[in-house]
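Here is how the chains run, residue by residue.
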Amino acid sequence: MKPALLEVMRMNRICRMVLVTCLGSFALVIFYFQSMLHPVIRRNPFGMDICCRKGSRSPLQELYNPTQLELSSTAILHQIRRDQVTDTCRANSMSSRKRRVLTPNDLKHLVVDEDHELIYCYVPKVACTNWKRVMMVLTGRGKYSDPMEIPANEAHVSSNLKTLNQYSIPEINHRLKNYMKFLFVREPFERLVSAYRNKFTQKYNTSFHKRYGTKIIKRQRKNATQEALHKGDDVKFEEFVAYLIDPHTQREEPFNEHWQTVYSLCHPCHIHYDLIGKYETLEEDSNYILQLAGVGNYLKFPTYAKSTRTTDEMTTEFFQNISSEHQTQLYEVYKLDFLMFNYSMPSYVKLE
């Protein structure tokens, strides 16, 4: 009796296994035909489903421990730029007795992308509008796909991007340690002329005319008309430079971000930046960053020719009427930016 009972039990187990196998095969067949009839929809690469980097290499790993054995020429170039900043900071700390600790308010220019573990310090007049657009695509989780579809004014709405000063101290330290930090710089005097042209020669910038133009004219122009003192819309470049080098100016309040030094905006001697992009190599440096972030196949930095762009030739013309004494004083204001980011003295500058 026992052998017969065991045989029945064994046959039952075999039948159950066959049934499960058949059902599994049937389910696979159904899935196969469903996928043939309803192919997988390709979603926005910045959508919720693949926005986050869990399980993949971070940008910092890609930068410092690349999958390829040999460092690319681009990686070597950025190492040289990092070393230049480090050396300048070390030399400056030895010659300066000023030592300070950063506060959260110092971090309001550092834009955070949680999904791709990036921190971008934006510098006005160094393609920051387009980089803010790119950051909105990266952090939008599918809301945006094309940076150039985002209006310029929307890119500058503070609530559209999260900055590092909005985090707690432990959260700030964690991100500074683990996220890839980058910024973009530009030849300091060219950036300065670009800021002047944009803020003081365009009629629509009435807020700058009222806040800064009237103040500059009052201090720097002899026998100014009442109209000029009221409107502040015809500031000369020579007056703007005189305002910047006036010791009273910096004692009164910090520079506006559009002409503040990169050293003071992004604090590169306190924060170790992993990548330093340059306006002169904007497209290459930007796309290298996007490649490290793992989105290079989906997102390219916007490129378009801007006819109003401030050039080296324009900058030369603006500095023709600046005295050598004022040029020397202005260089002292922006000296660290020149040295730190390896910009040589422009040929048109005549120092005393």
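Residues numbered from 1 in each chain as written. Predicted model: local features only at pLDDT ≥ 70, side-chain atom pairs only at ≥ 80, totals over all residues. Heavy atoms only, no water.

Spelled out, the test is: UniProt positions are given in the numbering used here, feature names are shortened, and annotations may be inferred rather than shown by experiment.
Per an unreviewed UniProt entry, the protein carries the name Carbohydrate sulfotransferase and comes from Anolis carolinensis. UniProt, in its Subcellular location (unreviewed entry) section for the protein, records the words "Golgi apparatus membrane".

Topic: the state of the cysteines
This is how it is decided: Defined by distance alone, a disulfide is two cysteine sulfur atoms within 2.5 Å. Each helix corresponds to a stretch of at least 4 residues labelled H or I by DSSP, and each strand to a stretch of at least 2 residues labelled E; elements are numbered beginning at the N terminus. Each residue is assigned to one of three classes by its accessible area relative to the maximum for its type, calculated with a 1.4 Å probe on protein chains only: buried under 20%, partly exposed between the two thresholds, exposed over 50%.
On inspection of all chains with the given rule, the structure shows 2 disulfides. Across the disulfide from C89 sits C269; the S-S distance is 2.0 Å. Negative torsions about the S-S bond denote left-handed disulfides, and the value of about -90° found for C89 with C269 makes this one left-handed. Of the two residues, C89 sits in helix α3 (residues 73-95) while C269 sits in the loop between α12 (262-266) and β4 (275-278), which places them 180 residues apart along the sequence. Residue class for C89 comes out buried when judged on its relative accessible area of 12%. On the accessibility criterion, C269 (28% relative accessible area) is partly exposed. Note on cysteine connectivity: C121 is disulfide-linked to C266, with sulfurs 2.0 Å apart. The chirality of the disulfide connecting C121 with C266 is left-handed, given an S-S dihedral of about -90°. Separated by 145 residues along the polypeptide, C121 in strand β2 (residues 118-121) and C266 in helix α12 bring together distant segments of the chain.

A word on the side chain of D285
To keep it simple, the criterion reads: Here a polar contact is recorded for every N or O atom pair within 3.5 Å, except that within protein the pair must consist of a potential hydrogen donor and a potential acceptor, and residues adjacent in sequence are included only if both atoms are side-chain atoms. Residue contacts are counted whenever heavy atoms from the two residues lie within 4.5 Å of one another.
Locating D285 in the fold gives a position in helix α13 (residues 282-292). The class of D285 is buried, set by a relative accessible area of 3%. Only 3.0 Å separates the side chain of D285 from the backbone nitrogen of K278, close enough to count as a polar contact. Those residues in contact with D285 that sit more than four places away from it in its chain are H78, R81, F184, G277 and K278.

Side note on a nonpolar patch on the surface
Short version of the rule: Residues enter patches when their relative accessible area tops 30% and they take part in no salt bridge; the joining distance is 9 Å for like charges and 5 Å for the nonpolar side chains Val, Leu, Ile, Met, Phe, Trp and Tyr. Areas reported as accessible are Shrake-Rupley estimates using a 1.4 Å probe. Residue values count occlusion only from the protein chains shown. For salt bridges, the criterion is a side-chain nitrogen of Lys or Arg within 4 Å of an Asp or Glu carboxyl oxygen.
Side chains of L71, I76 and I80 sit close together on the surface and give an oily, nonpolar patch of about 290 Å² of accessible area. Assignment of secondary structure puts I80 in helix α3. When its relative accessible area of 53% is taken as the criterion, I80 is described as exposed.

Some words on the sheet that holds β4
Stated precisely, the cut-off is as follows: Think of it this way: DSSP has to see at least two bridges between two strands before they count as a pair. Note on definitions: angles span 0 to 180 degrees between N-to-C directions of axes, and those axes are lines fitted to C-alpha atoms, for helices only across the stretch in contact.
Ordered in space as β1-β2-β3-β4, the 4 strands form an open sheet in which the pairing is mixed. Two strands bound the open sheet, and with one partner strand each, they are β1 (110-113) and β4. In this sheet, neighbouring strand axes are inclined to one another by 25° on average, regardless of whether the strands run parallel or antiparallel. With 4 bridges connecting them, β1 and β2 associate as antiparallel partners.

Here we look at the pattern of salt bridges
Scanning the entire structure with this criterion turns up 16 salt bridges. We note a salt bridge from R90 to D87, for which the minimum N-O separation is 3.2 Å. With a gap of 3 residues between them, R90 and D87 both fall in helix α3, about one helical turn apart. When its relative accessible area of 48% is taken as the criterion, R90 is described as partly exposed. We classify D87 as partly exposed; its relative accessible area is 44%. Here E114 makes a salt bridge to R175, at a shortest N to O gap of 2.9 Å. Of the two residues, E114 is situated in the loop between β1 and β2 and R175 in helix α6 (residues 169-178); the sequence distance between them amounts to 61 residues.

Some thoughts on the environment of I217
Here I217 is to be found in helix α8 (residues 206-220). On the basis of relative accessibility, which here comes to 0%, the residue I217 falls in the buried class. A C-alpha to C-alpha distance of 6.6 Å links I217 and V235, two positions 18 residues apart in sequence. Those residues in contact with I217 that sit more than four places away from it in its chain are A224, A228, L229, G232, D234, V235 and E239.

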